[in-house]
Structures are given as C-alpha cells and as structure tokens.
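Chain and residue survey
Listed below are the residues making up each chain.
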Amino acid sequence: MNTFEQLPMPPTTGLLGHVSFLKKTNIHLQLIEWTEKYGNQFRLRLGMKNVLVLSDPKLVKQVLKSRPDEFRRLKNIESVFEEAQVNGIFSAEGESWKHQRKLTEPMFQPAHLKHFYPKLKAITSRLHQRFEKLAQSGESVELVSEFKKYTVDVTSLLAFGEDFNSIEQDHTPLSAALSDVFPVVNQRCKSPIPIWRFFKTQKDKQFDISLKKVRDFVSECIEKQKQKLAENPNLKENPENMLQIMLTEQDQDSTLTDKDIISNAITILLAGEDTTANTLAWMAFLISSDNKTSQALEQELADLGDEKVLSWPIPRAPYITAIMYEAMRLKPVAPQLYLEPMKDTKIGDLNIKKGTPIFALLHASGFDSELFDSPRSFNPNRWLEKGKASFSDIQPFGSGPRLCPGRSLAIMEIKLAFHALLQSFHIEALQPPEDVVEQFAFTMSPVGFNVRLHTK
Ligand code: HEM
C-alpha cells in the first residue's frame, strides 16, 4: 500500500512545483498524458501543497457520491464565487447547497421540460433561420458562437422567463459579458495566491465590468418576475421559471436573500451556456473531419422526416445520440472537478488528509483501452453495437448527489440544434482538423473551428 507521499509525481523544478502547468489551457490533455505514464493515482505539487490526481472511475465515483458530507468542491472555489457575489448552487456547500439544489431541480423535471418544449422549439426554429441566412451569405461561421447564443436564449427563457433573442442580434452584450467571466473565475479558482486582491490586471477590471452587466440583467429579470407574481398570484402554485420558484420560496423563507437568487440565476446562465454550446460545436467538428459517418447520419436524418425542427416527443435518434456520446467522450467539455475531503479519510487504500486538493478526472475513463476499443478514434457505431460501449463508463455530467441537474435539458437542446443544423445544411470545415485547438478555461472549447454552411 502506498502512502500519499510515495505516489509517483511528474518531474518539476522550482519552489512552485506544477503551478505553471495549471495555467495552461491544455491542462486536461496534460493530465491524461500523465495518467497514461504514472497511473490512475499520482501526485502534483503546488507550492507547499500536494495534490492528488485521481482517474480510477470507481474511485472518482466513490468520491463524487460521498458529497456533500465527506467531500466538497475545493474551498477556493466557494471563496472565489463568494467574492464575485455569485456563490450559487455550483459553488455552495452543506445545508446551503442542499437548499439551493432543491429550488433549482423542479425546473429540470421531465414534466416541466415537456411544458417548456414549444418555447424550445421556437428558439430552435430561430436558430435554423439563422443558419439559413449564414448559408445564403456564404460567410465563415464560428459555430461555437452561434450555439452559445442559442443556449443563452434557451437558459434565460427557462430560468428567467425572459426571451433574450440573441440569435437574431449581431451584438450580444450578455453573451459577450458571460464569456469574460468564465476564464477569470477558472484562473482564480486554481490560483494558489489571490494576486487579483492586491493588483488588478486589465482582465480583472473587465471581469468586474462584465459581471456587473450580467448582474444588472438578472436584477431586471427578477423585478419583472416579482411584478408578474404580484399581478398573478396563481403563478405561486404553478411557477413558470426558476425565478418564480425562488421568489415564491422567499415569501416563506426570509433566509433566502435577493443575493442568493441573483447568484443562482447567474450560475445557471454560466453552467448552461458554454457546456452545451461547446458539446454541439465539438459534435460538428467531429463529423466534419470524418466522412465515414455521413451515410449513417444522412439515413437517420431522412428517417426523421422533413421537419426543420423535431417535434415532441423528441425521437431517440440513436445515431445523433451516438455522435453526442462520442463527442462527450473524446472532447469532454467539463473534464475535471476540483475537490477536497472534509475530514481525514481513505480513497481506496490511500489515506488522505482533510483539505488535500483532489483533481478528479471525469474524462480519463473515456481514453481507457480496456473500456473502449481504439479509444482515440471517433467511432459512433461503438455506442450502437451491443456490449461495445456503456454510457456509465464515462461521466460527462459528473456523478452522485451533485450530478449536473441540467443534463436532460442539455440533451434536448443538443438533439434539436444538431438536427436543425444537419437536416438542412452540409458543413464545410475551413481548416484542417489539427488547426482546431482544445482550450480549457472552466469548460473546454474548440478554438479556431470555422465552417461554411451549404444548403442541402
Ligand atoms: C453538455 C452539457 C453539460 C455538461 C457536459 C455538464 C456537465 C456538468 C458537470 C460535470 C457538473 C459537475 C457535476 C458534479 O460535481 O458531479 C455540472 C454541474 C452543474 N450543471 Fe451542468 N453540464 C451541462 C449542461 C448544463 C445545463 C444546460 C445546465 C443548466 C441550464 C447545467 C447546470 C448545472 C448546475 C447548476 C451544476 C451544479 C450542480 C451542483 O453543484 O449541485 N448544466 N455540469
């Protein structure tokens, strides 16, 4: 049995140890490379602190399951989010997290999503029209930006009852502001020294401005929903969106403050935008650089009929689903979670001290050749052939009590938007696949992926 100090560690020099690796935007790839070399438990050194990097899927699941009582997200995450006044469901812990989770979950229940479906369909039609325009103009399209406008519109309508309609706008201040927030939060969560508290760079100043814009937007939405509830008290029985659920709860529980509501609204916007949009863009990337899939995909699209946007109930669409799973495996948008034990504990055979940072790799199992044949190759068929691949062997949405609450919404959005794109258009990639870079900044996005759309 190894003690923590006996675990292997990649070479490092200098007092700060591996700190400089954490700043890299391809850290998720580096961690996989190290896992292949040092095994599924190894150690990094960040200054004086040792970090456990864990990728054994069974142990990762065990840790994720033991929340919120035995493990929590890294303490730094809560303090960074608290400082930015966005400490909501993602960063909260203990009783506060339990309360917030209970309040956000109803919005994602199947019955509520079914009720929301006509609005989701309308936003997807708008996306389809936007693709039509882009195909007609023949311009270069950065798909990830188009998908981000889509996911912001969907999330703001579901969570705030507000149709932001960024798809039809060239200038989208809310999306622009949100994209300034993520990278800075990501950097601060990993930073061993809170430099920004003593010295603000241009990025930090822009972060403050952008966050204020998002907060003002959310505050306006809250005021509108308060007014709606006052005008129609029946909505308290059947709330239409997350803000109405939270404002109704606030009437009964004065410990739920306006700040809590704003923090959760911003968290949901952040959590729902990039993850889903990046997954969609990676799906498009994977099929655009692989012509083996086109026949099976075209066949499925033909079987789904002529509709531009899928109707309710959303069909299973096994091949689109397989492409989505393959994108989640090969291009994981949320590859790792940062956690720590709340007391001295054991992970497998290893004794771990309270507060030891743990990097739990959600994406490592996807590259394990014992679980997936030729794990580096894109092969949607593996998900269709019996016994070849199991979704429980990848954990794109995390696991345990903090499993992503937005997963059903994300899957609906992905199926609808991907179908709307491929039903009517061919994608022509404008660069070789090797020029598209995986960039991790809280979520992992395709950088340099531009396409031209051609009407079928
Ligand atoms: C493909 C899309 C998505 C992926 C891959 C994804 C992935 C994840 C992951 C890995 C976590 C951490 C889970 C854990 O700690 O075990 C998470 C948490 C979360 N996600 Fe998602 N997510 C996606 C879409 C969404 C959407 C659409 C929403 C809402 C609109 C959402 C809301 C949240 C929230 C609120 C949390 C925090 C949950 C908690 O800490 O209790 N996500 N997501």
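- The protein goes by Cytochrome P450 in an unreviewed UniProt entry, where it is assigned to Vibrio caribbeanicus ATCC BAA-2122.
- Quoted verbatim from the Cofactor (unreviewed entry) field of UniProt, the annotation for the protein is "heme".

1. A short note on the overall build of the protein
- Within the protein, the secondary structure is distributed over 14 helices and 11 strands.
- The C-alpha radius of gyration computed for the protein amounts to 22 Å, which stays within 12% of the reference 23 Å derived for 456 residues, consistent with globular compactness.
- Each of the three principal axes of the protein carries a C-alpha extent, and together these read 60 × 55 × 45 Å.
- Of the contacts formed within the protein by residues at least 6 apart in sequence, a portion of 73% connects residues at least 24 apart.
- For the protein, the exposed surface amounts to about 20400 Å²; the carbon and sulfur share of it is 52%.
- Distance between charge centres in the protein, computed from 56 positive and 57 negative side chains, equals 4 Å.

2. Comments concerning the layout of surface pockets
- Of the volumes computed, that of the largest pocket is approximately 490 Å³.
- What lines the largest pocket is a set of 23 residues, and nearest its centre among them are Lys23, Gln187, Arg188, Ser191 and Ile195.
- Breaking the lining of the largest pocket down by element, the ones donating at least two residues are α1 (19–22), α8 (173–190), α9 (202–231) and β9 (437–441).
- Considering every element that reaches the lining of the largest pocket, the biggest residue donor is α8, with 6 residues.
- Tallied by class, the residues present in the lining of the largest pocket amount to 12 nonpolar, 5 polar and 6 charged.
- Approximately 390 Å³ is the volume found for the second largest pocket.
- As for the second largest pocket, its lining consists of 19 residues, and the residues nearest its centre are Lys49, Asn76, Ser191, Pro192 and Pro357.
- Put simply, the parts of the chain that give the lining of the second largest pocket at least two residues each are α1, β2 (49–54), α4 (75–83) and α8.

3. A short note on unusual backbone geometry
- With omega at 0°, the peptide bond leading from Arg67 into Pro68 counts as cis.
- Residue placement: Pro68 occurs in the loop between α3 (57–65) and β3 (71–73).
- Residue Trp312 is joined to Pro313 through a cis peptide bond whose omega torsion reads -5°.
- With respect to the helices and strands, Pro313 occurs in the loop between α12 (294–303) and α13 (318–330).
- Look at Asn165: it is not a glycine, yet its phi comes out positive at around 45°.
- Summarising the element assignment, Asn165 is placed in the loop between α7 (143–160) and α8.
- On the basis of relative accessibility, which here comes to 18%, the residue Asn165 falls in the buried class.
- Residue Ser374 is not a glycine yet carries a positive backbone phi of 35°.
- Inspection of the secondary structure puts Ser374 in the loop between β7 (358–361) and α14 (407–424).

4. Some words on the packing of aromatic side chains
- Taken as a whole and assessed by the stated rule, the structure comprises 17 aromatic pairs.
- Between the aromatic rings of Phe131 and Phe425, the centroid separation amounts to 6.2 Å while the plane-to-plane angle is 70°, which identifies the pairing as edge-to-face. On the criterion of sequence distance, the pair formed by Phe131 in helix α6 (residues 110–137) and Phe425 in strand β8 (residues 425–429) is long-range, its members being 294 residues apart. For the pair formed by Phe131 and Phe425, the shared burial category is buried.
- Ring centres of Phe285 and Phe449 lie 5.6 Å apart, and the angle between their planes is 85°; this geometry places the pair in the edge-to-face category. Note that Phe285 is positioned in helix α11 (residues 258–288) and Phe449 in the loop between β10 (443–447) and β11 (451–455), a separation of 164 residues in sequence. Residues Phe285 and Phe449 agree in their burial class; the two are buried.
- One aromatic cluster in this structure is built from Phe21, Trp34, Tyr38 and Phe42.
- Sitting over the face of the ring of Phe90, Arg73 holds its NZ or CZ atom 4.0 Å from the ring centroid.
- Above the ring of Phe372, the side-chain terminus of Arg329 is found at 5.2 Å from the ring centroid.

Basis of the calculations
- Residues numbered from 1 in each chain as written.
- Predicted model: local features only at pLDDT ≥ 70, side-chain atom pairs only at ≥ 80, totals over all residues.
- Heavy atoms only, no water.
- UniProt positions renumbered as here; feature names shortened; annotations may be inferred.
- Helix = DSSP H or I, 4+ residues; strand = E, 2+ residues; numbered from the N terminus.
- Rg over C-alpha atoms; globule rule 2.2 N^0.38 Å.
- Contact = heavy atoms within 4.5 Å.
- Areas by Shrake-Rupley, 256 points an atom, 1.4 Å probe, with all protein chains shown as cover.
- Lys, Arg positive; Asp, Glu negative; His and termini not counted.
- Charge placed at Lys NZ, Arg CZ, Asp CG, Glu CD.
- 1 Å grid on protein atoms, 1.4 Å probe; cavity = no way out; pocket = protein on both sides within 12 Å on 5 of 7 lines; lining within 4 Å.
- Points joined across faces, edges and corners; volume = space filled by probe spheres on them.
- Nonpolar A, V, L, I, M, F, W, Y, C, P; charged D, E, K, R; others polar.
- Buried < 20%, exposed > 50% of the residue type's maximum accessible area, 1.4 Å probe, protein only.
- Phe/Tyr/Trp six-rings, centres within 6.5 Å; stacked < 30°, edge-to-face > 60°.
- Lys NZ or Arg CZ within 6 Å of the ring centre and 35° of its normal.

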